[in-house]
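Next come the chains, spelled out residue by residue.
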Protein chains: 4
Amino acid sequence: MKRIAVLTSGGDCSGMNAAVRAVVRAGLAMQVDVIGIYKGYQGLIDRLYENMTTKSVSNVLQRGGTFLQSARCLEMKTEAGLRLATDNLKGMGVEGLIVIGGDGSLNGGYAIHQQGVPVIGIPASIDNDIPFTDMSLGVDTALNNIVAAVDNLKDTASSHDRAFVVETMGRGCGYLAVVATIASGAEFSLIPEEPYDLEQICEDLRRRYREGRSNSIILVAEGAGKAQDIADQIKDKIGFETRVIVLGHYQRGGSPTVFDRLLAARFGQAAVENLLKGNHGKMVGLQSADIKLTDLEKVVNAESRPIDPMLPQLANRLSV
Amino acid sequence: MKRIAVLTSGGDCSGMNAAVRAVVRAGLAMQVDVIGIYKGYQGLIDRLYENMTTKSVSNVLQRGGTFLQSARCLEMKTEAGLRLATDNLKGMGVEGLIVIGGDGSLNGGYAIHQQGVPVIGIPASIDNDIPFTDMSLGVDTALNNIVAAVDNLKDTASSHDRAFVVETMGRGCGYLAVVATIASGAEFSLIPEEPYDLEQICEDLRRRYREGRSNSIILVAEGAGKAQDIADQIKDKIGFETRVIVLGHYQRGGSPTVFDRLLAARFGQAAVENLLKGNHGKMVGLQSADIKLTDLEKVVNAESRPIDPMLPQLANRLSV
Amino acid sequence: MKRIAVLTSGGDCSGMNAAVRAVVRAGLAMQVDVIGIYKGYQGLIDRLYENMTTKSVSNVLQRGGTFLQSARCLEMKTEAGLRLATDNLKGMGVEGLIVIGGDGSLNGGYAIHQQGVPVIGIPASIDNDIPFTDMSLGVDTALNNIVAAVDNLKDTASSHDRAFVVETMGRGCGYLAVVATIASGAEFSLIPEEPYDLEQICEDLRRRYREGRSNSIILVAEGAGKAQDIADQIKDKIGFETRVIVLGHYQRGGSPTVFDRLLAARFGQAAVENLLKGNHGKMVGLQSADIKLTDLEKVVNAESRPIDPMLPQLANRLSV
Amino acid sequence: MKRIAVLTSGGDCSGMNAAVRAVVRAGLAMQVDVIGIYKGYQGLIDRLYENMTTKSVSNVLQRGGTFLQSARCLEMKTEAGLRLATDNLKGMGVEGLIVIGGDGSLNGGYAIHQQGVPVIGIPASIDNDIPFTDMSLGVDTALNNIVAAVDNLKDTASSHDRAFVVETMGRGCGYLAVVATIASGAEFSLIPEEPYDLEQICEDLRRRYREGRSNSIILVAEGAGKAQDIADQIKDKIGFETRVIVLGHYQRGGSPTVFDRLLAARFGQAAVENLLKGNHGKMVGLQSADIKLTDLEKVVNAESRPIDPMLPQLANRLSV
């Protein structure tokens with residue numbers, strides 16, 4: 001291969017810039033041209049791209065988000081759009097494509113792969129719901145954002161004996177909520193993967209209140225319920241007032257942690273290396289400390305990554 | 001005086017611990033006993049207190065919130081409660097009281113002063129609405145919290161050309177919102193002190209959108225409207241989708257900034273010094289780089305601190 | 001005026017980017033062209049410059065250092081160099097110049113002003129040694145960097161009952177060291193403005209050691225001695241081992257604090273406004289919460305900003 | 001078992017408090033008393049201990065260092081000291097001991113185990129040199145500290161085209177230096193595990209200088225040389241001036257990252273669980289995402305953890 005391309009797609013996360021940098025620098029070190037495509041698949045269709053140099057990726061490593069930008073692209077889901085994207089890649093002289101993103105983005109990558117273009121996917125999604133990788137890009141930074149916010153709330157919670165319900169991202173996946181519970185020393189976590197008993201939680205809140213520990217923090221993954229609803233139900237059941245905070249997009253951004261920067265470097269370089277070796281139609285993933293490849297076909301057809309049952313158990317045990 | 005007391009009251013903020021530490025250490029250095037009263041005025045009524053030593057305040061300087069805790073206390077607003085509080089102070093042998101808190105707390109301090117107990121107030125409130133001080137304790141830390149969050153959001157905003165409406169604290173006072181606008185480079189700020197024209201904002205959003213700059217950030221002080229309402233109205237008027245984030249109690253906590261730690265040290269030591277010198281019934285305040293005293297009577301009867309019109313003008317000019 | 005220029009010079013500091021952004025945006029808002037000169041006075045001599053647009057300064061506000069870069073320039077101290085710089089400004093059609101930097105940089109600005117080019121200076125120097133301004137740009141960020149490092153060291157100091165000598169910047173000025181002492185709760189500060197008695201410090205260390213408080217932290221401004229020398233002398237005198245850390249350039253960088261971003265905005269806009277009004281040959285400064293102008297002639301001929309004696313007194317009192 | 005004890009020993013690191021908390025809370029949840037021993041093995045000899053309750057470990061999770069403190073203890077290396085320590089444990093009614101620390105601390109734990117007391121070790125050391133665990137406690141926080149400092153330096157490096165030599169911890173182990181190089185985008189890393197060619201580095205610096213990229217950052221693990229020596233040699237060889245910073249104890253402290261907090265929770269609970277199950281004389285370790293046990297005998301007799309050769313290769317490739 002003489003020329004490859006890279007794009008970021010779907011929800012942005014910290015570490016995308018570091019991954020693009022790694023792709024560009026690894027590519028240049030291996031004597032291939034690297035094209036950066038702007039605005040994800042939309043930019044592929046609209047032919048928004050630029051040749052990447054060392055300088056294009058200087059000073060981006062430490063920045064959140066993605067300088068290549070991202071965008072929704074409904075057109076890619078049509079046959080015409082897909083064909084146009086593929087034709088454009090060929091028109092640019094691109095022989096291989098690296099896609100950095102979540103579920104939907106990897107789906108798009110798989111579709112392009114099926115059109116005969118070599119593709120490698122890099123999993124990036126703060127929810128940590130992508131299968132066949134222990135960690136996706138952006139998860140560690142998001143966790144540190146969440147826990148920094150909960151640390152702040154605990155100052156107020158302890159000062160006022162006040163309880164908080166905190167809503168984290170995670171529509172289908174409670175990873176962020178449950179790890180943040182363990183890491184922040186929060187008292188309860190509600191996640192979509194496990195049923196929860198609000199009666200029992202209210203009972204516990206009451207007991208803690210009697211013991212003089214009314215400064216509880218409850219983390220809710222968005223897929224397990226709206227924080228406001230949980231707070232309202234607690235109010236109804238036991239008359240106990242809680243404050244609500246929805247962390248929202250605050251979780252995504254910020255300078256990536258070392259974990260995410262290192263993961264980005266490893267993913268980026270592995271993606272380029274495998275693309276050049278002819279191992280494509282694959283996603284790179286972190287499996288037990290090593291970077292392993294999984295067929296994109298398998299990735300896009302698999303269920304979301306399940307939560308390790310050890311995590312909710314640990315959260316539960318340490319919050320007693 | 002041989003013995004003084006200190007309490008924190010009202011909404012907690014970063015720097016309260018540093019101020020308590022300064023009061024204790026300055027007191028001890030001047031050979032006075034210092035009593036720490038827990039849970040604000042409620043603790044004064046319930047006689048929750050402890051003698052403070054150097055060790056009581058070691059390792060608290062860098063922590064948010066207040067280790068003396070705070071609480072609402074309706075009883076203090078009754079004559080009986082006020083008398084009990086005053087009697088308790090005398091019963092503890094306390095000859096002077098330092099109150100760290102916002103409006104309501106200073107009111108309580110003034111009431112105790114009127115009962116003949118020497119009182120000094122230290123202004124602490126993240127809203128920066130207390131008159132006769134350029135800055136209250138906790139404002140600078142809150143601002144840095146807000147701007148850190150907006151910096152995160154800007155990563156996503158730039159990555160996706162997306163607009164955000166961010167709600168800050170500030171019921172009657174837009175200081176946080178307007179300074180955070182200048183400091184984060186946000187595009188618009190809505191504050192309770194100034195009328196705003198949502199039509200004009202929509203017009204500007206449309207213009208910016210045409211210019212390819214759709215990643216706007218709008219800061220709203222809670223007193224100027226609910227973020228969700230603003231977002232809904234923008235949606236209705238121009239069909240432009242914005243994301244909403246309500247920063248809530250995240251703004252309060254966290255390790256205090258150097259500005260707040262220094263202010264806490266200056267306020268704490270000035271409070272003790274003046275109490276011992278017989279200058280009481282006063283609030284300490286920062287006025288043009290100096291610590292000045294204002295009669296509590298004047299403070300509690302004054303309007304909220306007005307916003308310097310230079311600030312919204314500056315925000316406006318730099319966002320063009 | 002139709003066209004003005006801006007440059008950053010001398011040691012970089014956080015907030016320079018924010019000030020350049022403010023100059024550019026305020027200039028554009030007032031319908032003047034703004035030229036950015038790269039690499040300080042050297043760039044003026046070498047004609048390294050670019051026309052600034054809104055986009056040139058997007059996403060720089062939150063970044064440390066200066067994207068316009070800075071450099072030493074010995075040539076500016078020669079008559080030929082000065083004339084070339086001035087001629088180049090005229091050649092670019094520049095009618096006014098804004099210089100962001102410290103002592104030496106303001107000297108250069110004054111020299112250009114004397115050649116008949118309207119100049120405004122913006123004080124930027126982490127040492128806070130520039131006279132006629134309460135705070136220079138970059139000081140607040142540097143202080144927060146220092147105190148974050150000392151907070152880290154205190155974790156180790158408390159865990160091991162260990163003492164540290166920490167060297168901060170400040171050749172002629174102990175502001176950083178003394179404010180960081182107050183803000184971090186360090187025990188001792190050695191500054192160039194005040195004589196210190198190492199015998200007395202050793203005596204205090206010994207007393208503290210006997211009281212079981214051997215985790216002392218000593219801050220030394222570089223102008224008051226080398227941290228390693230202080231540590232060696234303490235070792236010699238009382239056999240007490242201390243660890244040494246020289247914070248060096250770590251202090252300069254990092255995302256600017258809100259204080260520095262706001263100051264940058266105010267300085268930048270005031271500089272442009274006054275340049276256009278014809279008030280030049282001046283430095284903008286923060287004096288008692290207001291932006292005031294001082295003649296550059298007066299600034300460059302004045303002594304360094306003296307330290308407020310209240311600060312070492314406060315440091316001393318609270319460390320007892 | 002009815003009663004177990006926990007101590008922290010050796011150099012402190014972030015996450016120790018979180019691990020103690022996990023041990024205490026897991027112990028209480030499993031109905032065992034937990035004794036906290038102060039000042040490491042010295043406290044075991046001097047009988048400095050306290051019964052731990054939920055409250056003893058509240059608000060410590062987010063704090064760096066170790067509230068149980070640590071200390072050097074030469075006495076433990078004598079037979080008499082070891083016997084006294086063991087007798088004291090029995091005297092306290094302690095049936096099992098959890099030791100949190102590095103090499104030397106695990107050696108001490110193994111010695112106590114050989115005296116017939118059930119012991120479990122938790123690896124904690126910022127160097128990441130302990131074998132049989134992918135990561136030790138404190139490594140991730142130290143890395144983030146280092147990279148935050150290097151991010152600051154890069155602001156100055158880019159502003160001034162200046163090179164820095166940065167010394168990290170790591171006497172026998174270059175893990176911190178090499179990962180920080182990848183994560184910060186530094187240009188060179190010198191580590192004790194691999195020979196380096198200073199001539200070649202000087203050659204590269206010269207080439208980069210010619211290409212206009214003179215803002216290089218060189219990370220040196222302390223075991224690979226003193227930063228000042230490296231800088232002096234570069235100066236001698238090519239006349240190129242570099243600034244030096246020795247990060248020292250700044251690396252150790254600070255609020256632990258989520259990674260370290262989660263690892264602490266997992267290590268702490270696994271330690272208690274295995275102690276109670278009778279699996280002792282072991283160290284818990286992170287091996288490929290799982291917590292695994294290794295005999296302490298094997299740990300103390302093994303070589304330091306070798307560096308994964310992929311890391312220096314990756315650092316090298318991305319810095320081109």
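Remember, predicted model here, so these are calculated numbers, not experimental data.

K.L.:
What's the story with the domain arrangement of chain A in this structure? I'm lost.
P.N.:
One frequent convention defines the size of an interface as the accessible area lost when the parts assemble. All names here are of chain A. Taken domain by domain, chain A holds domain 1 (3–138 + 256–301) and domain 2 (142–252). Distance between the C-alpha centres of domain 1 and domain 2: 35 Å. The interface of domain 1 with domain 2 comprises 11 residues on the first partner and 10 residues on the second. Note on domain 1 versus domain 2: buried area summed over both sides is about 850 Å², and carbon and sulfur give 54% of it. Our count for the contact surface shared by domain 1 and domain 2 stands at 0 salt bridges. Put simply, domain 1 and domain 2 have 3 residue pairs in polar contact (both at pLDDT 80 or more) between them. Across the side of domain 1 that touches domain 2, the residue classes break down as 3 nonpolar, 5 polar and 3 charged.

K.L.:
Looking at this model, I keep getting lost on the UniProt feature "domain: Phosphofructokinase" (unreviewed entry) in chain A. Mind explaining?
P.N.:
Here the UniProt-annotated "domain: Phosphofructokinase" (unreviewed entry) positions come out as residues 3–274 of chain A. Helix makes up 44% of residues 3–274 of chain A and strand 16%, with an end-to-end C-alpha separation of 14 Å.

K.L.:
Could you clarify how one ought to interpret the relation of the copies chain A and chain D in this entry?
P.N.:
Two chain copies here: they are related by a rotation about an axis and a translation along the same axis. Expressed as a screw operation, the relation of chain A to chain D combines 0.0 Å of axial shift with a rotation of 180°, fitting to an RMSD of 0.0 Å. Overall, the copies show the geometry of a two-fold rotation axis. Looking at the rotation axis and the C-alpha trace of chain A, the residue lying nearest is Ser288 of chain A, at 2.0 Å. The residues that chain A uses at the interface reappear at the interface of chain D in 100% of cases, marking a shared surface.

K.L.:
Looking at this structure, how should I read the environment of Thr141 of chain B?
P.N.:
All names here are of chain B. One can find Thr141 in helix H5 (residues 139–160). For Thr141, a relative accessible area of 2% corresponds to the buried category. Spatially, the C-alpha atoms of Thr141 and Gly104 are 21 Å apart, while their sequence positions differ by 37 residues. With residues up to four places along the chain from it excluded, the contact list for Thr141 reads Ser14, Gly253, Gly254, Ser255, Pro256, Thr257 and Asp260.

K.L.:
For this particular structure, what's the right way to read the pairing of strand E2 (residues 33–37) of chain A?
P.N.:
For a regular strand, side chains alternate in direction, first toward one face of the sheet and then toward the other. Residues and elements named next belong to chain A. Of all 5 residues that make up E2, 4 are buried, and the element is covered over most of its length. Pairing analysis gives 4 bridges linking strand E1 (residues 3–8) to E2, with the strands arranged parallel. Its bridge partner being in E2, Ala5 is matched across the sheet by Ile35. Regarding topology, helix H1 (residues 16–29) serves as the crossover connection from E1 to the parallel E2, and that connection is right-handed.

K.L.:
What should I look at first to understand the packing of aromatic side chains in this one?
P.N.:
The relation between two aromatic rings is expressed through the spacing of the ring centres and the mutual angle of the planes. Going through the model one piece at a time under the given rule, you end up with 8 aromatic pairs over all chains. Each ring, one from Tyr209 of chain B and one from Phe240 of chain B, has its centre 5.7 Å from the other, and the planes form 85°; the classification is edge-to-face. Here Phe240 of chain B lies in the loop between helix H8 (227–238) and strand E9 (242–246) and Tyr209 of chain B lies in helix H7 (residues 198–210), a separation of 31 residues in the sequence. When its relative accessible area of 52% is taken as the criterion, Tyr209 of chain B is described as exposed. Relative to Phe259 of chain C, the ring of Phe259 of chain B has its centre 6.0 Å away and its plane inclined at 35°; by these criteria the two rings are tilted. Residue Phe259 of chain B is located in helix H9 (residues 258–277), and its partner Phe259 of chain C is located in helix H9 (residues 258–277); the two belong to separate chains.

K.L.:
Just to check I follow, could you spell out helix H3 (residues 79–91) of chain A for this structure?
P.N.:
Since the α-helix packs 3.6 residues into each turn, any two residues three or four apart lie on the same face. All names here are of chain A. Compared with an ideal rise of 1.5 Å per residue, which puts 13 residues at 18 Å, H3 spans 18 Å between its outermost C-alpha atoms and is within 8% of the ideal. Elements that come into contact with the buried residues of H3 comprise E1, E2, helix H2 (40–46), strand E4 (96–101) and helix H4 (103–114). Once H3 ends, the next one or two residues include Gly93, with phi positive near 75°.

K.L.:
What's the story with empty space enclosed by the protein in this structure? I'm lost.
P.N.:
The gaps of empty space that remain are located by a probe, the size of a water molecule, rolled over the atoms. Scanning all chains against the criterion turns up 7 cavities of 30 Å³ or more. Each pocket or cavity is described by its volume, and for the largest cavity that value is around 50 Å³. Where the lining of the largest cavity is concerned, the elements lending two or more residues are strand E9 (242–246) of chain A together with E9 of chain B. Its residues assigned to classes, the lining of the largest cavity shows 9 nonpolar, no polar and no charged.

K.L.:
I'm lost on the confidence of the model for chain A in this one. Help?
P.N.:
Overall, the prediction assigns chain A a mean pLDDT of 96, with 100% of residues at 70 or greater. For this predicted complex, the interface score ipTM comes out at 0.97, while the overall pTM is 0.97.

K.L.:
Even after reading the chapter, I still don't get the nonpolar core, so can you show me in this structure?
P.N.:
Grouped burial of nonpolar side chains is what soluble globular proteins tend to show. Counting residues in each nonpolar core, the largest one holds 300 residues, and the members touching the most others are Ile98 of chain A, Ile98 of chain B, Ile98 of chain C together with Ile98 of chain D. Excluding anything up to four places from it in sequence, Ile98 of chain A contacts Ile4, Ala5, Val6, Leu7, Val23, Ile120, Ile122, Ala271, Val272 and Leu275 of chain A.

K.L.:
Sorry if this is basic, but what is going on with the UniProt feature "binding site: ADP" (unreviewed entry) in chain A here?
P.N.:
Residues annotated in UniProt with the feature "binding site: ADP" (unreviewed entry) correspond here to Arg21, Ala22, Val23, Val24, Arg25, Lys154, Gly185, Ala186 and Glu187 of chain A. These annotated residues cover 167 residues of sequence, and their C-alpha atoms reach 44.3 Å apart at the extremes, leaving them scattered rather than at a single site. With respect to the helices and strands, the residue Arg25 of chain A is situated in helix H1. Ignoring any residue separated from it by four or fewer positions in sequence, one finds Arg25 of chain A in contact with Thr54 and Val57 of chain A together with Arg213, Leu318, Ser319 and Val320 of chain D. Tracing the backbone shows Gly185 of chain A in the loop between helix H6 (175–184) and strand E7 (188–190).

K.L.:
I tried to follow the packing of H6 of chain A against helix H9 (residues 258–277) of chain D on my own but got confused; where do I start?
P.N.:
The packing of two helices is summarised by the inter-axis angle and the distance between the axes. At a minimum axis separation of 8 Å, H6 of chain A and H9 of chain D run at an interaxial angle of 80°. Taken together, H6 of chain A and H9 of chain D sit at an angle that is classed as roughly perpendicular. Residues Val179, Ile182, Ala183 and Ser184 of chain A of H6 of chain A touch H9 of chain D, and the partners they reach there are Val258, Arg261, Leu262 and Ala265 of chain D. The residue makeup of the contact of H6 of chain A with H9 of chain D, split by class, is 6 nonpolar, 1 polar and 1 charged.

The rules behind the values
Residues numbered from 1 in each chain as written. Chains lettered and ligands numbered in written order. Predicted model: local features only at pLDDT ≥ 70, side-chain atom pairs only at ≥ 80, totals over all residues. Heavy atoms only, no water. Domains from an automatic or database assignment. Contact = heavy atoms within 4.5 Å. Buried area = accessible area lost by both parts, 1.4 Å probe. Salt bridge = Lys/Arg side-chain N within 4 Å of Asp/Glu carboxyl O. Polar contact = N/O pair within 3.5 Å; in protein donor to acceptor, adjacent residues only side chain to side chain. Nonpolar A, V, L, I, M, F, W, Y, C, P; charged D, E, K, R; others polar. UniProt positions renumbered as here; feature names shortened; annotations may be inferred. Helix = DSSP H or I, 4+ residues; strand = E, 2+ residues; numbered from the N terminus. Least-squares fit on C-alpha atoms with pLDDT ≥ 70 in both. Buried < 20%, exposed > 50% of the residue type's maximum accessible area, 1.4 Å probe, protein only. Pairing = 2+ DSSP bridges. Right-handed = clockwise from strand over helix to strand, strands pointing away. Phe/Tyr/Trp six-rings, centres within 6.5 Å; stacked < 30°, edge-to-face > 60°. Expected span 1.5 Å × (residues − 1). 1 Å grid on protein atoms, 1.4 Å probe; cavity = no way out; pocket = protein on both sides within 12 Å on 5 of 7 lines; lining within 4 Å. Points joined across faces, edges and corners; volume = space filled by probe spheres on them. pLDDT = per-residue confidence, 0-100. Core = buried A, V, L, I, M, F, W, Y, C linked by side-chain atoms within 4.5 Å. Axes fitted to C-alpha atoms, helices over the stretch in contact; angles between N-to-C directions. Parallel < 35°, antiparallel > 145°, perpendicular 65-115°, else oblique.

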